[in-house]
Amino acid sequence: TLDEIKTPIKNIGAYINEQNYDVYRAIKELENKKIIHIKRLDSQRTLLLDEKDTIWMKAKPLLKSPIIEEVYVDKLSLEEHKASVVEAGVYALSKKGMILSNEVVYAIENKAYKEIKHTLSHSFEGDNNAIKLQVWKSKITKSNQNELNPFALYLSLLNEYDERVKKDYDEFIETYWR
């Protein structure tokens, strides 16, 4: 059975604090991929949703990592730009689960990175003052505590090959999703 969302599609953007054209584009794409359904009656459109587990199983194979580049930068050169970054990767996951990470990782939106990259001192993996900086092609969705949205964190770990990390983030996203 499908659940009918009572909020009109044109009002969803305001409800989730996103631009209407972004919501419309996302809904259209999700409908094209048969992840959600739209009931059309005259000029009225209503969003119909499957059970969460069904949506998840349909969507999971289509998900992609938002990371376009990873660079190592010197911690001190990033200090003045802390407002532009958020904890990310295994480092962020380690604060939510049982996995440990010694590598500090932050995410930054591509637009913000382009504005500051000339001010950053590059470093290398393993350097004590190195921070891994993930450059994201998409908007970084954060919580009120300036933490990476759990779903965004999941997407950023899609290409992680460590089985312990995969297990931890699978458990984490399953808990979040329910």
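Our structure's up above, just so we're on the same page.
Residues numbered from 1 in each chain as written. Predicted model: local features only at pLDDT ≥ 70, side-chain atom pairs only at ≥ 80, totals over all residues. Heavy atoms only, no water.

Of the pairings in the sheet, the one linking strand 2 (residues 37–41) to strand 3 (residues 44–49) comprises five bridges and is antiparallel in character. Residue pairing for strand 3: Lys39 is matched across the bridge by Thr46. Between strand 2 and strand 3, which follow one another and run antiparallel, lie two residues, and Asp42 among them has a positive phi close to 55°. (Pairing = 2+ DSSP bridges. Helix = DSSP H or I, 4+ residues; strand = E, 2+ residues; numbered from the N terminus.)

Of note, the phi angle at Lys34 is positive, near 60°, even though the residue is not glycine. Relative to the helices and strands, Lys34 is located in the loop between helix 2 (20–32) and strand 2.

Right, let's get into the packing of helix 1 (residues 9–16) against helix 2. Across the interface, helix 1 lies against helix 2 with an axial gap of 8 Å and an inter-helix angle of 120°. Of the possible angle classes, the one that applies to helix 1 and helix 2 is oblique. Between helix 1 and helix 2 lies a crossing of right-handed hand. Along the contact surface, helix 1 presents Ile9, Lys10, Ile12, Gly13, Ala14 and Ile16, while helix 2 presents Asn20, Val23 and Ile27. (Axes fitted to C-alpha atoms, helices over the stretch in contact; angles between N-to-C directions. Parallel < 35°, antiparallel > 145°, perpendicular 65-115°, else oblique. Left-handed = near helix turned anticlockwise from the far one by under 90°. Contact = heavy atoms within 4.5 Å.)

We now examine the pattern of salt bridges. Pairing between side chains of opposite charge can happen when the charged atoms of each approach one another. Scanning all chains against the criterion turns up eight salt bridges. Across the pair Lys132 and Glu70 runs a salt bridge, and its minimum N-O distance is 3.8 Å. Taken together, the residues Lys132 in strand 7 (residues 130–136) and Glu70 in strand 4 (residues 67–74) connect sequence positions 62 residues apart. Residue classification places Lys132 among the buried positions, given a relative accessible area of 14%. The salt bridge partner of Lys132 is Glu103, with a shortest N-O separation of 3.5 Å. With Lys132 in strand 7 and Glu103 in the loop between helix 5 (89–94) and strand 6 (105–109), the pair connects residues that are 29 residues apart, well separated along the chain. Several salt bridges converge on common partners, so that one network encompasses Glu70, Glu103 and Lys132. (Salt bridge = Lys/Arg side-chain N within 4 Å of Asp/Glu carboxyl O. Buried < 20%, exposed > 50% of the residue type's maximum accessible area, 1.4 Å probe, protein only.)

Now for the packing of aromatic side chains. Pairs of aromatic rings are described using the distance from one ring centre to the other and the angle between the two planes. Under the defined criterion, the tally for this structure stands at four aromatic pairs. Three or more aromatic residues link up through ring pairs in this structure, and these residues are Trp56, Phe151 and Tyr154. (Phe/Tyr/Trp six-rings, centres within 6.5 Å; stacked < 30°, edge-to-face > 60°.)

Let's shift gears to the sheet that holds strand 7. With mixed pairing, the four strands of this open sheet are ordered in space as 4-7-6-5. Edge positions in the open sheet fall to strand 4 and strand 5 (85–87), since each of these has one partner strand only. Sheet twist, expressed as the average angle between the axes of neighbouring strands with direction ignored, equals 30°. Pairing analysis gives seven bridges linking strand 4 to strand 7, with the strands arranged antiparallel. If you follow Val73 over to strand 7, its bridge partner there is Ile131.

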